[in-house]
Amino acid sequence: MKVKKLSRRACLKGMGVSIALPWLEIMGMPVASAQTSSDPLRFLTFYVPNGIRMSEWKPSSEGTNFSMPSILQSLEPHRDSVNIISGLANYPASVTDSRWAGSHARGTGALLTQTPLVSGTSNLVNGKSLDQVLADELRGQTNLASLEIGAREGSSSGNCEDGFSCAYLHNLSWRDGDTPMKKIVSPSQAFQRLFGSTSTAGETVNPVTNPISESSILDVVMERIDALNGVLGMEDKAKLDQYLTSIREVELSLPTSPSVSAGSCPLEDAPSDADDYENGVSQMIDLIALAFQCDKTRVITYMMEDSLNTPSRYSFLGISGSFHELSHHGNSESNLSDIQTINTWEVEQFSSLLTKLSGMAEGDGTVLDNSFILFTSEFGDGDNHYHWDLPMLTAGKAGGYLQAGQHISYDINSRSAPEPSLDDVPMANLFLNVLEAFGIPQTTFGTIGDGQPYGTSTLSEIKA
Amino acid sequence: MRLLKRPTPRLLSNKLSQAIAYACLSGLLVSCGGEQLESEGEGLIPAAVSPTPGPAVAIPVDGQTPTPTPSSSPTPFSSPSPAPAPAASPEPVATQTPAATPIPVSSPTPSSAPIPSPTPAAVAQDFGMLDRSYWLLSASSEEGDLNNAIDDDDTTRWSTGEVQEPGQWLSIDFGEMKTFNIVDLESEASPDDYPRGYEIYVSLDGVNWGEPIFYGEGNSATTSIEFDDVSASHLRIVQTSSVERLWWSIHELNVFWEENTSPTPTPVATPTPLSTPIITPSPLPTPAVTPTPVPLVTPTPVPVVTPTPVITPTPVVTPTPLPLPTPTPDPVFNLTDYEQGVLVYEANCEFCHKPITVSEQLGRSQFEITEAIRTNTFMQSISLTDEELRVLEYALNNTELPVTLKDVVPGYVIARRLNQVEYDNTVRDLFGFAAGYSPSQDYNFAQDGFRSGFNNNAAGLTLAPLDVENYLKAATGIVDDVFASSAMSSAVLVCSGDDDSLSTACLTSILDNILPRIYRRAVTDSDKSDLLGIAENTFLLGGGFTDQVKAMLINALLMPDFLFRMEPPPTLGDSHRSLTDYEIANRLSYFLWSSMPDAELFETAAAGSLSSEEDILAQVDRMLADSKSDTLAQQLTKQWFQTLALDEIFRDGELLDEDLKADIEQEVYMLVRDAVDGEITMQGLLNAPYTYLNSNLANHYGIDGSGLSDELVRYDFNAGDTQRGGLLRMASFLMINAHPENNSPVRRGKWVLERLLCSPPPPPPANIPSFEPEDDGEATGSLRTQTEAFFEGRDSCNACHNAMHGVGFAFEHYDENGRWQADDNSFAIDDSGELFSTGVSFVGVPGLVQAVTEDSRLASCVVEKTFAYAMGRDLLTSDYEVFGFYASQLGVDFNMKDLFKVVSTSPLMTQRSSEE
């Protein structure tokens, strides 16, 4: 990793003279031009765990005139903004030398990376996730390159491991193969991350009243990491590099760094964290909408909760016991019906977000129009654990890039016995659409291992 | 189709050294030293195998041009079926490149991808340089035309256009099958741009590349790579190393098939489609004098090789020397039956059953192996030839512990971040905060990911922007808290300074006092000047003396030297080094206390007195006597015995009541603490005749709790009362391994196998029928009867479930809440069981406990878990042999204190390997 950065001496001198130097320019980051000709484009992944009751999710017909299935009823008002895409596969998630172990971990860890996970190595091995590819592209245009959030913590008993590291289950967003972008599960903390303060109004940081400069301290730390690189082993350096790049990310969002852009931002205070999941979910949804509206970040990954999260409860829906255990439904109608109840509620939460975003006018349209949103899970059916025929929904028009309002169904070649087929349409292809919509088209995304690419062409059906 | 992860060079060399180790073990090699590794390694390579279970291939008759027989059966490379093809396994020829290493072929396991295997070339091919006219090149990146590499112009080049990084590659599509054995990469016009490391892959379809057939390091402008004959239509060179600034360039690329000049013909392989190639004594006649160049797949006449005597490894310190093979100019020796058996085992069995030296399958007969393969779904794709079965049986029946401690590979731990417990404890001990001070909770630290069973594993402890933000807030908050306390702040402020000018001398004194404790080592002038710089910065921004000190402390708490535990690698070229006294002090304190070293430990380290075993043992005794070692008992309780899972269980749709949960956890903790304190032995964890109860817990168990209060106190059971006693009869184990409304013999059995015997069953397949017990009111039999009826005839399930049920049924007298039940919903209880892998039958939990304590796996499992926790790294194959050795030394039962001493003085804890 080669990043030009300030020497400590230069930084300290600079600080002594003027703390208000344009931070981003000092750091060699591009500064967004003041007048953007077009409205900003946002990307959101809205993830729900443990699969979906697919029979109540998938419309019975293709095209635009499908009738909304039971689980998706709440999306009826947004019908013209969503696409339901059936038949996509995450083949890389099925690549393993251990056929069944870690299928949650693989499905989740590889969901946005479309890269096979490797167990039994001395470190984590994944790829770079789609959101982080975008974050790299957009870094510097907003205060935060990306935001990763969830509505509750995952299992902490070690039961999440399943032959792999728990990190794969806890994180969708990966900056690189061994660095998960951990998520914030506290709405108030997420708010402060976004606004650097407990209010959207922000607070004025006066260097005279706070002579201890966080950014100077972090700079000394970065210098030290640099010096340590000379004496440590390769794998140690990789660990410290996680620290270094994380510091760089944080420096950009320190209160001392100038606000890069500000959409029309309502005056709001940070929420106090709800102590129940139901309200926590909706607080995070409010935050997503606010972050997009204020243009604090354009890339958000929202894991409503972790996969395989044994202690999770849905008693507020009248359901007792663990969602994960329920998801191994064994075709019991009562289990399936409970799963459907949970799925329906999840989609309702999603729909409430779409309602908020579609209510925010921007340019000729709405914030929703200027967004590319994915709703998905690591499995289709939570019992069979297959990584094909996955639930996938897009929302928004991506600034006119997306043709919405359709149910598109691709042929499924994968068959029972957990043998996926490379002939199934890769989810990675959809990701190529995302990159294209953001003006950074790529020819491939993800890998099936051994340097072979996975996604190689965009989905033409969803393009306007 | 399945795909292989690309093996790293390090893993390959591990594999090689493992193979060498077995050769050493047999006494064939006197030394395993690195210098001899290359030449000695060669003989270990299994010879070529047939690509498909097709017809036998032709033997060349004219000694010049082989007449290959086209394979009649198509090779299923693109089939999604998991049927793997065998590996291409060239016998390496003597190589001129000292840095190059032939790769011992690990045969494909059933889950491996089809590895392209050479099929006989479709067209007879002459020796010499391959015609490049029809080649199609592709590469991971391109700077300059790819065809520059094959344009007969050595001034033009292909280049990566970026600095050399592992994974860069260049592929050739020959357009047809070619046989070849040399690849030349020429970059004389860019003499520094040779690949620092490389791997050679071949493929039949350009998609499936399988394992590399060869790897090595470049060291001059022309890299000439020689390997054994291989036939393929695609060739790929993967760059495996990195170097600063330099690109990887190739000015001219050539491939040759040269007549094999080595006097050593290739040993014959038995075609073995699904498992390790076995070298068998050749039934073929010895060929004429002229060595025969052969395409890979052609069985070659074998020279007479002195059959190596069969070895019987014994658990001795000095391996019995065995006769060396007759020296030849290029020595090749045959593998013994034992070595062949080990290779078969590694290829087919090791994934589930661990390395053979610690396998629970030792002693199996051919019949048992065949039966297991026939009946077990997980083993369906394994297919062994009669010869493989024979050598596998031989190996399983002749393996004993081979370890001597001088061979220990210490391994290394990558820079490891303090986890939450370690951070809290360290901050507590650093400044003198009261017990319970928890910045990790106060500042919402992101949870520590588990890996390899524990949350102190270096690889699982990642770092993201969220952590930086939390550390920043925590450091500021901690320092504010220190300065809010006169006792703590006066301990920091060893002198006083001015607000109006920089009191450098005093600031330095403050650092001299506290910084060695923050960094947990001796500090340098450079360490201090980093922090004096931030003091100066604070001063320039208007901060007074206190602010300056605060800034230094905040800064120090964010330094990697505080947040990480780092052990730099040995000097380049050294395989390992001893840890420094300070590093050992840290290893000890984080193992036994989950915290920083205390003053005495620091002093001992500073005096250079932690290097001997006696010195370490004296500290371990002292540290275990300190109440800070409670953390060790707590962490083993939460993580190994998994009381953390009490947070995740439901009863009546709700999580457990907090008070009851705390009591249930405390009961486990207090017994584990007795073991850590040496009050009971390791086996006492399972059969202690007492427990700890308070009135709440007694009530939960239905025990008369009169006289008990809220405090858990020791409660001795009457002689002959076997309902309670030990971890397996406690609510924690019984409840976390149950369903909300029923006990679960499956989960209880699995837990015992996994966490006490370290022999977990494989994970369940997806989409299996689920067993739903009948409702209590309508039950037609006991849970056991229902379970057995459900599994009746489901052979593929029973292959694994028999092992779990055999253990789990012993707990039928304990319901889902861990309460004793005289009958099961009015049905009689049968709690007889069997330890499936050893065949020991028993009745009830007392019987199970006796069987488990008599099982040698218990001791080695306790050793394994303790080491995994102490080291904080993933376990290596070589570790298991060390664990087995220690377990055999400690005996079937031992005091945990003795184990902690073994761990603390082990080379695994006092040394580190290089990364190579």
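Values in this document were obtained by computation on a predicted structure and should not be read as measured data.

(A) How the structure looks around helix α11 (residues 504–519) of chain B. Residues and elements named next belong to chain B. Along α11, the helix axis deviates most sharply at Asn513, where the bend reaches about 40°; the proline Pro516 sits within four residues downstream. Looking at α11, one finds that the buried residues are Cys506, Leu507, Ile510, Leu511, Ile514, Leu515, Ile518 and Tyr519. Looking at the buried side of α11, the elements it contacts are α7 (420–431), α10 (486–492), α12 (525–540), α13 (545–558) and α14 (560–563). At the C-terminal side of α11, Arg520 shows a positive phi close to 60°.

(B) Inspection of the sheet that holds strand β2 (residues 82–86) of chain A at higher detail. Residue and element names in this part refer to chain A. The seven strands are arranged β3-β6-β1-β9-β10-β2-β11 in an open sheet whose pairing can be described as mixed. If you trace the sheet from one side to the other, it starts and ends with β3 (147–150) and β11 (407–409), each paired once. On average, each strand axis in the sheet is inclined to that of its neighbour by 15°, with strand direction left out of account. In this sheet, strand β9 (residues 371–376) lies alongside strand β1 (residues 42–47) in parallel orientation, the contact comprising six bridges. For Phe46, the partnering residue across the bridge sits in β9 and is Phe375. Sitting on the sheet, helix α12 (residues 427–437) touches β1, β2, β9 and β10 (392–395), and the angle it makes with β9 is about 160°.

(C) Quick peek at helix α15 (residues 581–592) of chain B. All names here are of chain B. End to end, α15 covers 16 Å across 12 residues, agreeing with the expected 16 Å (1.5 Å per residue, within 8%). Burial within α15 is extensive, with 11 of its 12 residues counted as buried. Where α15 is concerned, the buried positions are Asp581, Glu583, Ile584, Ala585, Asn586, Arg587, Leu588, Ser589, Tyr590, Phe591 and Leu592. Just past α15, the residue Ser594 takes up positive phi, approximately 50°.

(D) Spatial organisation of the interface of chain A and chain B. Of the residues lining the interface, 91 residues belong to chain A; the matching set on chain B comes to 94 residues. Of the roughly 7,800 Å² buried at the junction of chain A and chain B (both faces included), carbon and sulfur atoms supply 56%. Inspection of the chain A/chain B interface yields four salt bridges. Notably, a salt bridge pairs Asp561 of chain B with Arg224 of chain A, separated by 2.6 Å at the nearest N-O pair. Joining chain A to chain B, the criterion identifies 20 residue pairs in polar contact (both at pLDDT 80 or more). The set of elements that each furnish at least two residues to the side of chain A that touches chain B consists of α1 (8–17), β5 (179–180), α6 (187–195), α7 (214–228) and α8 (234–253) of chain A.

Conventions adopted
Residues numbered from 1 in each chain as written. Chains lettered and ligands numbered in written order. Predicted model: local features only at pLDDT ≥ 70, side-chain atom pairs only at ≥ 80, totals over all residues. Heavy atoms only, no water. Bend = angle between axes of the 7 residues up to and from the residue. Helix = DSSP H or I, 4+ residues; strand = E, 2+ residues; numbered from the N terminus. Buried < 20%, exposed > 50% of the residue type's maximum accessible area, 1.4 Å probe, protein only. Contact = heavy atoms within 4.5 Å. Pairing = 2+ DSSP bridges. Axes fitted to C-alpha atoms, helices over the stretch in contact; angles between N-to-C directions. Expected span 1.5 Å × (residues − 1). Buried area = accessible area lost by both parts, 1.4 Å probe. Salt bridge = Lys/Arg side-chain N within 4 Å of Asp/Glu carboxyl O. Polar contact = N/O pair within 3.5 Å; in protein donor to acceptor, adjacent residues only side chain to side chain.

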